[in-house]
Amino acid sequence: MADSPVTKHDPKGSDLLESPSPQQQKQMESAYANMRRKMAMQEIGRKIKHKIMVLSGKGGVGKSTVSTGLALSLAQQGHTVGILDIDITGPNVPKMMGLDGKRLHVEQGRIHPAQGHLGVKVISMAFLLEDEDTPVVWRGPIKLGAIQQFIGDVEWGQLDYLVIDFPPGTSDEPLTVAQSLPDIDGMVIVTTPQDVALLDSRKSITFSESLKVPVLGVVENMSGYTIAGLTTPETSVEVAGPGGKKHRVTSDKDGKFSVTLDIFKQGGGKSTAEEFGVPFLGELPFDPGFVRGGDDGVHRIVSEPDGASAIAFAKVVEAIKSQIGTSSSQGLEII
Amino acid sequence: MSEIPQLIRLERNDTDMDLSYADGSKFTVTYDDLRFTCPCAKCSPERNDDESAKSLRREVESLPAEKPKVRTIGKYALAFDWVKGCSAGIYRFERLWALANGQDPDGGKPYVHGAW
Ligand SMILES: Nc1ncnc2c1ncn2[C@@H]1O[C@H](COP(=O)(O)OP(=O)(O)O)[C@@H](O)[C@H]1O
Ligand SMILES: [Mg+2]
C-alpha cells in the first residue's frame, strides 16, 4: 500500500506532512493562481457596470478610432471609463490616447491602467511591447493566456463603462474575453461604406450569434466628408465631388454653404444593419483631424469637443445607451 | 425592420410555448419548429436544401422533450438554452413574430456561410 495514492489520505495523517514534489507544487500553484484569477474576473465583472466590445470585419476601418472616441465621449458625459486594447496586430489605442511609449505598470502582482485624456483608464497590448513597430507573434495559447491575465489582473476600480478594442476579423480573442468576463453588454461593429468592409461586418454579425454576445449595432465610419465655404449670399454653388459627381448648393444669407461628399458610398452600414435586423447606431464623418490626432496623440474629441465629429460620437453613444439601457424585452414575462 | 407588436408574455409548456403580444394576439410555437429554425451559423445552412433540411427536422424531433431556459439578448432578441441540441441561436423578436405567424423566418432566402 505504500505506493498507493490512498496513503496520502491516511486518517492518521502521517504522510500529510510529506512535502509535495516540485511538480505537484507547481501544479498547485498554477491551480491556485487560476482560481484567484477566476474570482478576480468575477469581481471585476461586478465592478464594471457595462462592457462593450468593439469589432470589425477587417483592419483599417477605424475600430480603434471608434473605441477611443466612444470612451472619450462617455467620459465627456461624466462617466468613469476604461479601455482595454487587445489588438495584438496593431495596438494603437495608446497613441490615440496620448500614452505613447507607456510601459505596463505592475504593483504587487496587479496591473495598473495608465490614465489617458479625460481620465480614461487605458490598458494596451502595446504596453508589453519592447518596440512598437515589431508586431507580437504569439502562438494561440500564450496569447489567450495573456488576455485572461490582462482581464483578471488589472486593477480597474469602479467603472461605468469598459470599451474593449479587438483585433479585426473573427479571431479567438472575442471568445476568450466573452468566456472570461461575465455579463458583456454586447458588441459594436464598425464598418466603412465600402462593399468589402460591409461583407466582413456581416461575418461579424454571424460571429456574434455564435459567441452569444448580442450585437448592439453597426456604426458606419468615414461616412461622408463635409466641406464648407463662403461666397456671395444666396447664390448657387457647384462643387465637384469624387468621381466628378457634381453637387449644387445655395449659400445662406451670410454666404455660407456646406456640402457632404461621399468618399465611399454612403448608407451601406445602415442597409447591413437593416438586412440583419440589428440596430444601426449612426454615421461618423470622414474627418482628417482623426489622422492628425492619431499622430500627435490628441484625439479629435479632445481637441474639438464641440466639433462635428464629437457631436456624431455623442449620437452614437446615445444609440448604444438606448440598446443597453431599458430593453424592450423588459416587461416581458417569461413563465 | 418592419414594426411588430411587443412580446409581453412567453409561457413555456412541455412541448411548445405560448406567446402573447401587446396588440392582444396570441400564438403557440412548438419547440420542434423553434429548434428547426435555429438561426445560428451551424443550423442555418442545413435548411438550404430539402435533403439536409429534412434531416435537421428529424434530428430536432428526435431530441428528448424539455423546457428550455430563456434568456433575453440585448434589447432585441431571445436565446433558448437546451440541455441537448443546439442553443447557439439568437432569435430576434422579428424572427419569433414570423414563426408565431407561420411565416418562413428566413424569408425564403438561402443562408450562405460568411459570404453574402
Ligand atoms: N472618420 C475618420 N475620418 C478620417 N480618418 C479616419 C477616420 N476613422 C479612422 N481614420 C483613420 O484611419 C486609420 C485607421 O484607423 P484605426 O482606428 O487605426 O483603424 P483600425 O483600428 O480599424 O485598424 C487611422 O489613420 C485613422 O486616423
Ligand atoms: Mg486598431
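What you see is a predicted model, and the numbers here were worked out from it, not measured in a lab.

**Things to note about the overall build of chain A**
- Of the regular secondary structure elements, chain A holds 10 helices and 15 strands.
- Relative to its 335 residues, chain A shows a buried fraction of 48%.
- The long-range fraction of contacts in chain A, counting pairs at least 24 apart against all pairs at least 6 apart in sequence, stands at 74%.
- A total of about 16,300 Å² of accessible surface is found on chain A, and carbon and sulfur atoms cover 53% of it.

**Let's talk about the site of ligand 1**
Residue and element names in this part refer to chain A.
- Close to ligand 1 lie 16 residues, the nearest being Gly-60, Lys-63, Thr-65, Asn-92 and Asp-287.
- In this structure, Asn-92 approaches ligand 1 through a side-chain N or O atom, which is 2.8 Å from an oxygen atom.
- The protein chains hide 84% of the 560 Å² of surface that ligand 1 would expose on its own.
- At the level of secondary structure, the elements contributing two or more residues to the shell around ligand 1 comprise helix H2 (63–76) and helix H8 (288–296).
- The dominant element in the shell around ligand 1, judged by the number of residues it contributes, is H2, at 3 residues.
- Tallied by class, the residues present in the shell around ligand 1 amount to 7 nonpolar, 7 polar and 2 charged.

**Things to note about a negative patch on the surface**
Residue and element names in this part refer to chain B.
- A cluster of like negative charges, contributed by Glu-46, Asp-49, Asp-50, Glu-51 and Glu-59, occupies part of the molecular surface.
- Secondary-structure assignment places Glu-46 in the loop between helix H1 (31–36) and helix H2 (50–61).
- Taking relative accessible area as the criterion, Glu-46 reaches 32% and is therefore assigned partly exposed.

**So, the confidence of the model for chain A**
- Chain-level pLDDT for chain A is 79 on average; 80% of the residues reach the 70-or-more range.
- Element-level pLDDT for chain A is lowest in helix H6 (residues 195–211) of chain A, with a mean of 67, against a maximum mean of 95 in strand E2 (residues 81–85) of chain A.

**Brief notes about a nonpolar patch on the surface**
Residues and elements named next belong to chain A.
- On the surface, a cluster of nonpolar side chains totalling about 340 Å² of accessible area is made up of Tyr-32, Met-35 and Met-39.
- Looking at where Tyr-32 falls in the secondary structure, it is placed in helix H1 (residues 22–47).
- Looking at Tyr-32, the relative accessible area reads 47%, which means it is partly exposed.

**Remarks on the side chain of Ser-309 of chain A**
- As for its position among the elements, Ser-309 of chain A is in helix H10 (residues 308–324).
- A polar atom in the side chain of Ser-309 of chain A sits 2.6 Å from the side chain of Asp-287 of chain A.

**Describing the pairing of E2 of chain A**
Residues and elements named next belong to chain A.
- Here E2 lies mainly inside the structure; 5 of its 5 residues are buried.
- The two faces of E2 match: Val-81, Ile-83 and Asp-85 on one face and Gly-82 and Leu-84 on the other face are all buried.
- Summarising the sheet, E2 and strand E7 (residues 159–165) pair through 5 bridges and their orientation is parallel. In the strand pairing of E7, Gly-82 is matched with Leu-162.
- Of the pairings in the sheet, the one linking E2 to strand E6 (residues 121–124) comprises 4 bridges and is parallel in character. Pairing of Gly-82 across the sheet is with Lys-121, part of E6.

**Brief notes about empty space enclosed by the protein**
Residue and element names in this part refer to chain A.
- Evaluation of the coordinates by the stated rule reveals 1 cavity of 30 Å³ or more.
- For the largest cavity, the calculated volume is near 40 Å³.
- In terms of lining, the largest cavity is formed by Ile-52, Leu-70, Leu-74, Tyr-161, Val-163, Val-317, Ile-320 and Lys-321.
- Among the elements of the structure, H2, E7 and H10 are those that each provide at least two residues to the lining of the largest cavity.
- Element by element, the count of residues in the lining of the largest cavity is highest for H10, at 3 residues.
- For the lining of the largest cavity, a count of residues per class yields 7 nonpolar, no polar and 1 charged.

**Focus: the pattern of salt bridges**
- Applying the stated criterion across every chain yields a total of 12 salt bridges over all chains.
- Asp-87 of chain A is the partner of Lys-63 of chain A in a salt bridge, and the nearest nitrogen-oxygen pair spans 3.5 Å. Highlighted residues: Lys-63 of chain A in helix H2 and Asp-87 of chain A in the loop between E2 and helix H3 (93–96), separated in sequence by 24 residues.
- The exposure class of Lys-63 of chain A is buried, given its relative accessible area of 6%.
- A relative accessible area of 5% places Asp-87 of chain A in the buried class.
- Of the charged contacts in the structure, one is a salt bridge between Glu-61 of chain B and Arg-57 of chain B, with a shortest N-O distance of 2.9 Å.

**Let's talk about H2 of chain A**
Residues and elements named next belong to chain A.
- Helix length check: H2, at 14 residues, gives a terminal C-alpha distance of 20 Å against a target of 20 Å (1.5 Å per residue), a fit within 8%.
- In terms of residue burial, H2 counts as a mostly covered element, since 13 of its 14 residues are buried.
- Positive phi shows up at Gly-78, right after H2, with a value of about 95°.

**Quick look at the sheet that holds strand E1 (residues 7–12) of chain B**
- One open sheet holds the 4 strands; their spatial order is E15(A)-E1(B)-E2(B)-E3(B), and the pairing between them is mixed. The sheet is open, and its two borders are formed by strand E15 (333–334) of chain A together with strand E3 (26–30) of chain B, each paired with just one other strand.
- Pairing geometry for strand E2 (residues 16–21) of chain B and E3 of chain B, over 5 bridges, is antiparallel. Paired with Leu-19 of chain B across the strands is Phe-27 of chain B, a residue of E3 of chain B.
- Relative to E2 of chain B, helix H3 (residues 93–100) of chain B is tilted by about 110°, and along the sheet it contacts E1, E2 and E3 of chain B.

**Brief notes about the sheet that holds strand E5 (residues 77–81) of chain B**
Residue and element names in this part refer to chain B.
- Taken in spatial order, the 3 strands line up as E4-E5-E6 in an open sheet, and their pairing is antiparallel. Among the strands making up the open sheet, the edge pair consists of strand E4 (69–73) and strand E6 (90–92). Strand-to-strand twist across the sheet, computed as the mean angle between neighbouring axes with direction ignored, equals 30°.
- The sheet strands contacting H3 are E5 and E6, and the helix crosses E6 at an angle near 75°.

The rules we used
Residues numbered from 1 in each chain as written. Chains lettered and ligands numbered in written order. Predicted model: local features only at pLDDT ≥ 70, side-chain atom pairs only at ≥ 80, totals over all residues. Heavy atoms only, no water. Helix = DSSP H or I, 4+ residues; strand = E, 2+ residues; numbered from the N terminus. Buried < 20%, exposed > 50% of the residue type's maximum accessible area, 1.4 Å probe, protein only. Contact = heavy atoms within 4.5 Å. Areas by Shrake-Rupley, 256 points an atom, 1.4 Å probe, with all protein chains shown as cover. Near = heavy atom within 4 Å. Polar contact = N/O pair within 3.5 Å; in protein donor to acceptor, adjacent residues only side chain to side chain. Nonpolar A, V, L, I, M, F, W, Y, C, P; charged D, E, K, R; others polar. Patch = residues over 30% accessible without salt bridge, like charges linked within 9 Å, V, L, I, M, F, W, Y side chains within 5 Å. Salt bridge = Lys/Arg side-chain N within 4 Å of Asp/Glu carboxyl O. Lys, Arg positive; Asp, Glu negative; His and termini not counted. Charge placed at Lys NZ, Arg CZ, Asp CG, Glu CD. pLDDT = per-residue confidence, 0-100. Pairing = 2+ DSSP bridges. 1 Å grid on protein atoms, 1.4 Å probe; cavity = no way out; pocket = protein on both sides within 12 Å on 5 of 7 lines; lining within 4 Å. Points joined across faces, edges and corners; volume = space filled by probe spheres on them. Expected span 1.5 Å × (residues − 1). Axes fitted to C-alpha atoms, helices over the stretch in contact; angles between N-to-C directions.

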